[in-house]
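Overview (structure and organization)
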Amino acid sequence: NAGVTQTPKFRVLKTGQSMTLLCAQDMNHEYMYWYRQDPGMGLRLIHYSVGEGTTAKGEVPDGYNVSRLKKQNFLLGLESAAPSQTSVYFCASSYSIRFGELFFGEGSRLTVL
Amino acid sequence: AQSVTQPDIHITVSEGASLELRCNYSYGATPYLFWYVQSPGQGLQLLLKYFSGDTLVQGIKGFEAEFKRSQSSFNLRKPSVHWSDAAEYFCAVGAMGGYNKLIFGAGTRLAVHP
């Protein structure tokens, strides 16, 4: 049972380049989330999804887009990367509609030069 | 707006010593409160959670936390720290609007001396 898997784990981009982070979960969870983690700021919610075909904005959605075409996958896209998007990105999933446990992936470290 | 404050950025304790990590929250109603732990290079793992009922909750790895409404606090404790407890610890509060939207504190990094 792999849980939550993120790919790639590391990536270096130049300003203006685009990329997609993939999150896959094998627990049949309805709810999926993308967070970014920056030193001294904890985790901040970028976008989330409450089911296949749905997405919603979190605290810091600007510069990111997401898609949930399949229940098990949640994609995070950067159309034109900026140095401010240098961060560690975490995907999480959950089975409960209200405050069940979040299961996290191991993170994807993105550097934008 | 909901917020979480972890006053201590770094804490160092000796192995075998007791530990208390502080967490204060701001929330208009009864909060849902969580502690997560992040080992180096890993994702976050749930230690314990408080939804209602007994204000002293037990978690994994020998951790416990106490909810004190009067102090808006949810401090994490462990009677005797092990070297493997070195990690970063995050307190989180359930945000209004449901859908598991958690607001995280900035984290406390714990170092354990032998």
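Higher on the page you've got the structure.
Presented here is a report on the structure given in the accompanying data block. (Residues numbered from 1 in each chain as written. Chains lettered and ligands numbered in written order. Predicted model: local features only at pLDDT ≥ 70, side-chain atom pairs only at ≥ 80, totals over all residues. Heavy atoms only, no water.)

Moving on: the pattern of salt bridges. All names here are of chain A. Counted under the stated rule, the structure contains eight salt bridges over all chains. Glu 30 is the partner of Lys 71 in a salt bridge, and the nearest nitrogen-oxygen pair spans 3.0 Å. Highlighted residues: Lys 71 in the loop between strand 7 (65–67) and strand 8 (73–78) and Glu 30 in the loop between strand 3 (19–25) and strand 4 (31–38), separated in sequence by 41 residues. Asp 38 is paired through a salt bridge with Arg 44; the nearest N and O atoms lie 2.8 Å apart. Here Asp 38 and Arg 44 have matching classes, each one buried. Salt bridges here are not isolated pairs; linked through shared partners, they connect Arg 36, Asp 38 and Arg 44. (Salt bridge = Lys/Arg side-chain N within 4 Å of Asp/Glu carboxyl O. Helix = DSSP H or I, 4+ residues; strand = E, 2+ residues; numbered from the N terminus. Buried < 20%, exposed > 50% of the residue type's maximum accessible area, 1.4 Å probe, protein only.)

Let us now look at the layout of surface pockets. Within this model, the largest pocket holds a volume of roughly 630 Å³. Taken together, 30 residues line the largest pocket, and the ones lying closest to its centre are Gln 37, Val 88 and Arg 109 of chain A together with Gln 38 and Arg 109 of chain B. Looking at the lining of the largest pocket, the elements that each hand over two or more residues are strand 4, strand 9 (87–94) and strand 11 (108–112) of chain A together with strand 10 (87–94) of chain B. Taken together, the residues that form the lining of the largest pocket break down as nine nonpolar, 15 polar and six charged. Within this model, the second largest pocket holds a volume of roughly 170 Å³. Lining of the second largest pocket is provided by 15 residues; of these, Val 37, Gln 42, Gly 43, Leu 44 and Gln 45 of chain B occupy positions nearest its centre. Among the elements of the structure, strand 10 (103–104) of chain A together with strand 5 (33–38) and strand 6 (44–50) of chain B are those that each provide at least two residues to the lining of the second largest pocket. Here the lining of the second largest pocket takes three residues from strand 6 of chain B, the largest share from any one element. For the lining of the second largest pocket, the class distribution of residues is six nonpolar, six polar and three charged. (1 Å grid on protein atoms, 1.4 Å probe; cavity = no way out; pocket = protein on both sides within 12 Å on 5 of 7 lines; lining within 4 Å. Points joined across faces, edges and corners; volume = space filled by probe spheres on them. Nonpolar A, V, L, I, M, F, W, Y, C, P; charged D, E, K, R; others polar.)

Another point: the pairing of strand 9 (residues 73–78) of chain B. Residue and element names in this part refer to chain B. Most of strand 9 is tucked away, with five of its six residues classed as buried. Pairing of strand 8 (residues 64–68) with strand 9 involves five bridges; the strand directions are antiparallel. Residue Glu 64 lies in a different strand from strand 9, and its bridge partner there is Arg 77. Adjacent in sequence and paired antiparallel, strand 8 and strand 9 are bridged by four residues, among which Ser 72 carries a positive phi angle near 50 degrees. (Pairing = 2+ DSSP bridges.)

Opposite the 25 residues of chain A that make contact, chain B presents 24 residues. Counting every contact that joins chain A to chain B gives zero salt bridges. Taken together, the links from chain A to chain B amount to two residue pairs in polar contact (both at pLDDT 80 or more). For the side of chain A that touches chain B, the secondary structure elements donating two or more residues are strand 4, strand 5 (42–49) and strand 9 of chain A. The class makeup of the residues in the side of chain A that touches chain B is 14 nonpolar, seven polar and four charged. (Contact = heavy atoms within 4.5 Å. Polar contact = N/O pair within 3.5 Å; in protein donor to acceptor, adjacent residues only side chain to side chain.)

Of the consecutive residues Thr 7 of chain A and Pro 8 of chain A, the connecting peptide bond is found in the cis state with omega at -10 degrees. With respect to the helices and strands, Pro 8 of chain A occurs in the loop between strand 1 (4–7) and strand 2 (10–13). The phi angle at Lys 61 of chain B is positive, at roughly 60 degrees, despite the residue not being glycine. Inspection of the secondary structure assignment puts Lys 61 of chain B in the loop between strand 7 (56–58) and strand 8.

What follows is about the state of the cysteines. Here a disulfide denotes one covalent bond, and it connects the sulfur atoms of two cysteines. If you walk through the whole model with that rule in mind, you get two disulfides over all chains. In this model Cys 23 of chain A forms its disulfide with Cys 91 of chain A; the gap between the sulfur atoms is 1.9 Å. Between Cys 23 of chain A and Cys 91 of chain A the disulfide shows an S-S torsion of about -75 degrees. By sign, it is left-handed. Here Cys 91 of chain A lies in strand 9 and Cys 23 of chain A lies in strand 3, a separation of 68 residues in the sequence. Given a relative accessible area of 0%, Cys 91 of chain A falls into the buried group. Put simply, Cys 23 of chain B and Cys 91 of chain B are joined by a disulfide, and their sulfur atoms are 2.0 Å apart. Linking Cys 23 of chain B and Cys 91 of chain B, the disulfide has an S-S dihedral of approximately -65 degrees and is accordingly described as left-handed. Highlighted residues: Cys 23 of chain B in the loop between strand 3 (19–21) and strand 4 (24–26) and Cys 91 of chain B in strand 10, separated in sequence by 68 residues. (Disulfide = S-S within 2.5 Å.)

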